[in-house]
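Remarks on the overall topology
Residue strings, one per chain:
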Amino acid sequence: MTNIARFIDEMPKAELHLHIEGTLEPEMMMTLAKCNDVELAYGSVDEIRAAYQFSKLQDFLDLYYQGMSVLITEQDFFDLTWAYLAKCADENVTHVEIFFDPQGHTERGVAFSTALNGITKALEQAEAEFGISHKLIMCFLRHLSEEQAFETLAQAMAHRDEIFGVGLDSSELGHPPEKFERVFKAAAEAGFVLVAHAGEEGPAEYVHGALDSLNVARIDHGNNALDDPALLERIASEQIALTMCPLSNLRLCAIDKMSEHPARAMLEAGVRVTINSDDPSYFGGYVNANYHAIHQGLDLSLDHIKTLARNSYLGSFLNETEKRAALNNFDAYSASAS
Ligand code: ADE
Ligand code: ZN
């Protein structure tokens, strides 16, 4: 292992773009399918893995929604979340800001509170046992209606203390941010922090829309902002963090090879780029694998890696005191490792 590879594995870092349902490993999917008597289209773990061949976002989403259908009880959501957090402890992730998709569960008859309670209990236990801090972000599915998003927001109000933010995910093309302008405004009035996926498959225009119509504090992905120099300059000057996901972009064919990933160009344009895993079980790697992929594919220097890791805290929703402590901890690691 090179020195930079070891530096990546051992450095403290935050993960800011992670769908908890996208951490469902095939082994757990098979086990839960049997326990919960859910029929899967696959006969084995190998068959599940073999099905993970995607040429666009929708190919993945179809399997992602099928996969999450095995999650039924609060314990299932706890076990799913716990497995991810144990991985975080292993990978020196000290802070997580994770998404969940309540509509992916309520639509098939699993109560909002069942999913939420399982996830929350695992997050709290990981804080106590591993010292990993967290924020939980609830996403609206953008292929569903505005009315359904309002219903989901109403359900979230009973869990105001556990849910920190509201996001927007699922099929991007054909579902511009403006469709959710009113429900995002209501979420802001209720005190939720706002984020949205934009510019993953959709055009730079959708990144504009997320910033101006939805008033988000952070953009998830944001790759296609690179097509609009004025927008990129704005994102850099306002220090709006982009939560980029290199292995996801490769597996969903947003790029043909890692050397085409926009992270380096954006970093060098002064954008607050962060590196994340999105749906690691489906895309072949957790957060450290994403750092390794981008390090190799874009020939990044140790300074680039340090900036990315510092950005993971700067772009987080930790408060200023917590950010300073996290950055001091990172700098102490960096000084002792270099
Ligand atoms: N849901 C889970 N992963 C997603 C992604 N990368 N883009 C949009 N919706 C998602
Ligand atoms: Zn995502």
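Just above sits the structure.
Figured I'd write up the structure that's included with this text. This one's a predicted model, so the numbers in the text were calculated from it and none came from an experiment.

1. Some remarks on the pairing of strand S3 (residues 133–141)
For S3, a buried count of eight out of nine residues is recorded, marking the element as mostly surrounded by other parts of the structure. Pairing geometry for strand S2 (residues 93–100) and S3, over six bridges, is parallel. Its bridge partner being in S3, Phe99 is matched across the sheet by Ile137. Across five bridges, S3 lies against strand S4 (residues 165–169) in parallel orientation. Bridging from a neighbouring strand, Phe140 pairs with Leu168 of S4.

2. Concerning the coordination of the zinc ion (ligand 2)
Coordination angles at a metal have ideal targets, namely 109.5 degrees for four tetrahedral donors and 90 or 180 degrees for six octahedral donors. Looking at the zinc ion (ligand 2), the protein donor atoms are His17 (NE2), His19 (NE2), His197 (NE2) and Asp278 (OD), and they sit 2.0 to 2.3 Å from it. For the zinc ion (ligand 2), the four donor atoms are set out with angles of 83 to 175° between them, so the coordination reads as irregular. Considered as a linear motif, the donors of the zinc ion (ligand 2) on their single chain read H-x1-H-x177-H-x80-D. Residue class for His17 comes out buried when judged on its relative accessible area of 0%.

3. Remarks on the sheet that holds S2
Sheet strands associate in pairs through backbone hydrogen bonding, adopting either a parallel or an antiparallel arrangement. Overall, parallel pairing links the eight strands, which are arranged S1-S2-S3-S4-S5-S6-S7-S8 in an open sheet. Of all strands in the sheet, those bounded by a partner on one side alone are strand S1 (13–19) and strand S8 (273–275). For this sheet, the mean angle separating the axes of adjacent strands, direction not counted, is 25°. Contacts from helix H10 (residues 204–212) reach strand S5 (193–198) and strand S6 (218–221), with the element oriented near 170° to S5.

4. Thoughts on the site of ligand 1
The environment of ligand 1 is formed by His19, Leu57, Phe60, Leu61, Tyr64, Asp169, Ser170, His197, Glu200, His221, Asp278 and Asp279. Interatomic distance of 2.7 Å between a side-chain N/O atom of Glu200 and a nitrogen atom of ligand 1. If ligand 1 stood free it would expose 260 Å²; the protein chains cover 100% of that surface. In terms of residue count, the dominant contributor to the shell around ligand 1 is helix H4 (residues 57–67) (four residues).

Rules and cut-offs
- Residues numbered from 1 in each chain as written.
- Chains lettered and ligands numbered in written order.
- Predicted model: local features only at pLDDT ≥ 70, side-chain atom pairs only at ≥ 80, totals over all residues.
- Heavy atoms only, no water.
- Buried < 20%, exposed > 50% of the residue type's maximum accessible area, 1.4 Å probe, protein only.
- Helix = DSSP H or I, 4+ residues; strand = E, 2+ residues; numbered from the N terminus.
- Pairing = 2+ DSSP bridges.
- Donors = N, O, S within 2.8 Å, 3.2 Å for Na, K, Ca; no water.
- Tetrahedral: all angles 85-135°; square planar, octahedral: opposite > 155°, others 65-115°.
- Axes fitted to C-alpha atoms, helices over the stretch in contact; angles between N-to-C directions.
- Contact = heavy atoms within 4.5 Å.
- Near = heavy atom within 4 Å.
- Polar contact = N/O pair within 3.5 Å; in protein donor to acceptor, adjacent residues only side chain to side chain.
- Areas by Shrake-Rupley, 256 points an atom, 1.4 Å probe, with all protein chains shown as cover.

Read these as layout, nothing more, since geometry by itself doesn't imply function.
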